[in-house]
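So you can see what is in the structure, the chains are spelled out below.
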Amino acid sequence: MSITRRQLMQGAGAMAGATALGQSAFAQTNPLNVGFVLIGPVGDFGWSTMHDRGRRRMEELLGPAVRSMQVEAVAPPDFDRVVTQLARNGARLIFTTSFSYFQPTVRIAQTLPNVFFENATGTSTLPNLSIYNARFYEGRYVQGVIAARKSRTKQIGYIASFPVPEVIHAINTVMRGAWSVDPSMKVRVVWVGAWFNPGREAEAARALVDQGCDVLCQHTDSPAPLQVAEERRVFGFGQASDMTRFAPKAHLTSSINNWGDYYASRARAVNDGTWRPGDVWGGLKSGMFSLAPFTNMTPEEVAEATRVRDALAAGTLHPFDGPIVRQDGTTVIPAGQRLTDEQIRGMNYFYRGIEATMPS
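Criteria and cut-off values
Residues numbered from 1 in each chain as written. Predicted model: local features only at pLDDT ≥ 70, side-chain atom pairs only at ≥ 80, totals over all residues. Heavy atoms only, no water. Pairing = 2+ DSSP bridges. Helix = DSSP H or I, 4+ residues; strand = E, 2+ residues; numbered from the N terminus. Axes fitted to C-alpha atoms, helices over the stretch in contact; angles between N-to-C directions. Parallel < 35°, antiparallel > 145°, perpendicular 65-115°, else oblique. Left-handed = near helix turned anticlockwise from the far one by under 90°. Contact = heavy atoms within 4.5 Å. Nonpolar A, V, L, I, M, F, W, Y, C, P; charged D, E, K, R; others polar. Buried < 20%, exposed > 50% of the residue type's maximum accessible area, 1.4 Å probe, protein only. Right-handed = clockwise from strand over helix to strand, strands pointing away. Phe/Tyr/Trp six-rings, centres within 6.5 Å; stacked < 30°, edge-to-face > 60°. Lys NZ or Arg CZ within 6 Å of the ring centre and 35° of its normal. Polar contact = N/O pair within 3.5 Å; in protein donor to acceptor, adjacent residues only side chain to side chain.

For this particular structure, what's the right way to read the sheet that holds strand 9 (residues 215-218)?
The strands making up a sheet associate through backbone hydrogen bonding, with each pair oriented either parallel or antiparallel. Spatial ordering of the open sheet is given by 13-11-10-9-7-8-16, a layout of seven strands whose pairing is mixed. Here the strands that pair on one side only, and so sit at the sheet edges, are strand 13 (289-291) and strand 16 (354-355). Of the strand pairs in this sheet, strand 9 and strand 10 (residues 235-238) are connected by two bridges, and their pairing is parallel. Bridging from a neighbouring strand, V215 pairs with F235 of strand 10.

What exactly am I supposed to notice about the packing of helix 6 (residues 137-150) against helix 11 (residues 299-314) here?
Two quantities define a packed helix pair, namely the angle between the helix axes and the distance between the axes. Where helix 6 meets helix 11, the axes come as close as 10 Å, and the angle between the chain directions of the two elements is 160°. Our classification of the angle between helix 6 and helix 11 gives roughly antiparallel. Here the hand of the crossing between helix 6 and helix 11 comes out right-handed. Contacts between helix 6 and helix 11 involve E138, Y141, V142, V145, I146, R149 and K150 on the former and, on the latter, E301, E304, A305, V308, R309 and L312. Looking at the contact of helix 6 with helix 11 residue by residue, the classes come out as seven nonpolar, no polar and six charged.

Looking at this model, I keep getting lost on the pairing of strand 2 (residues 32-37). Mind explaining?
Strand residues, when the strand is regular, have side chains that alternate between the two faces of the sheet. Taking burial as the measure, the six residues of strand 2 include six buried ones, the bulk of the element. Residues of strand 2 alternate between two faces, with L32, V34 and F36 on one and N33, G35 and V37 on the opposite face, all of them buried. Of the strand pairs in this sheet, strand 2 and strand 3 (residues 66-71) are connected by six bridges, and their pairing is parallel. Among the inter-strand pairings, G35 is bridged to a residue of strand 3, identified as M69. Taking the sense of rotation as the criterion, the β-α-β connection linking strand 2, helix 3 (residues 47-62) and strand 3 turns out right-handed. As paired elements, strand 2 and strand 4 (residues 93-96) share four bridges and run parallel to each other. Note on strand 4: the bridge partner recorded for F36 is F95.

Explanation requested: the packing of aromatic side chains in the structure shown.
Taken as a whole and judged by the stated rule, the model has 20 aromatic pairs. Through pairs of rings, three or more aromatic residues link up here, namely F36, W47, F95, Y132, F136, W259, Y262, Y263 and F289. Just above the ring of Y349 sits the side chain of R326; from NZ or CZ to the centre is 4.2 Å.

Hey, could you run me through the side chain of S161 in this one?
When you line up the elements, S161 lands in the loop between strand 7 (155-160) and helix 7 (165-179). Of note is the side chain of S161, whose polar atom sits 3.2 Å from the backbone oxygen of H219. The residues touching S161, leaving out its near neighbours within four places in the chain, are V167, W191, V192, G193, A194, W195, H219 and T220.

Would you mind going over the pairing of strand 7 with me for this structure?
Of all six residues in strand 7, six are buried; the element is thus mostly enclosed. Residues Q155, G157 and I159 of strand 7 are buried on one face, and the alternating residues I156, Y158 and A160, pointing to the opposite face, are buried as well. Relative to strand 8 (residues 186-191), strand 7 is paired through six bridges, and the arrangement is parallel. Within strand 8, the residue paired with I156 across the bridge is V187. Considered for its hand, the β-α-β crossover made up of strand 7, helix 7 and strand 8 is right-handed. In the sheet, strand 7 pairs with strand 9 via four bridges, with the strands oriented parallel. Directly across from G157, in strand 9, lies its bridge partner L216.

Any chance you could explain the packing of helix 4 (residues 79-88) against helix 5 (residues 102-109) here in plain terms?
In the contact formed by helix 4 and helix 5, the axes pass within 10 Å of each other and the chain directions differ by 45°. Classified by the interaxial angle, the pair formed by helix 4 and helix 5 is oblique. The two elements helix 4 and helix 5 cross, and the hand of that crossing is right-handed. Each of F79, D80, V83 and T84 in helix 4 lies in contact with helix 5, whose residues at this interface are P104, T105, R107 and I108.

Would you mind going over unusual backbone geometry with me for this structure?
The general pattern is negative phi for most residues beyond glycine and trans for most peptide bonds. Between G322 and the following residue, P323, the backbone shows a cis peptide bond with an omega angle of 5°. Relative to the elements of secondary structure, P323 occurs in the loop between helix 11 and strand 14 (324-325). In this model, F45 sits at a positive phi of 65°, which is unusual for a non-glycine residue. Residue F45 is classed as partly exposed on the basis of its relative accessible area of 35%.

Structure follows, in structure tokens:
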């Protein structure tokens, strides 16, 4: 169930108790209580919507073995209070679903050693903290290829949330995909300073179109940028869920997040005593994300996008093969080398061809 912070603080539901039970006894006598902390509203049609669907999928797969409670739109200043109350209400496993929550999760996990934590898009683990993510950059590379084929102005617009590594390497990967088709392509970026703010997202999309961008990418969660693309008769990509219905003439594809099977496997591991801290980063091959059907594309464009997608899934194409060159012309790695996962996760620079600066 999805609850408000007020309901949580009032003890919503009959989920209190149980935290003092041993793991095996808990699994035998009670359903596992699982908590979810969402950065946005369940109705954002993007990131938080898909985590909510993942939670529901977990319940569908595990049935009476689990119960869940979820708090949506939790601002980072409220994080500690919300997570502490989830634990007091009986949550033995808590999913914190944003990079914005990673450092707070590291901190609070050390104060709640009997609770298992899973953070989406984190960078390190603890004895009771795992991290999980999907290699969304594979989808961004496909977007770059498609954008280069569709653009007439040779300018791609990118509506970005925050300058965290995942957003930075996603922008860079769009650039690499576009340059694989046409090295004269440029990427322009507008930062909105939010994961979900439809008004700001729409303003950023309009600004990018006014600057000459005729294909829009986004790292924000509402369909507002796609709706602007539809209004302005340019193309765009959806985020996290299939957003075709919001822009039937503008939509090209969307990355679709699929968390449910992972959530079920981790809850099952807590119940059967096999949970261990892990670092999961699944690509297209893993099924943790997929691409929506290609729309508003010629048969030739669909064939190319399909070929690139399948090569990424098979591992025969890698977006972070060298040479990689920064905006200022310095070489990060030469041809014949590939960035490590640690280098990708720590990325704090833009590639050549990206017209953007890091916000302060």
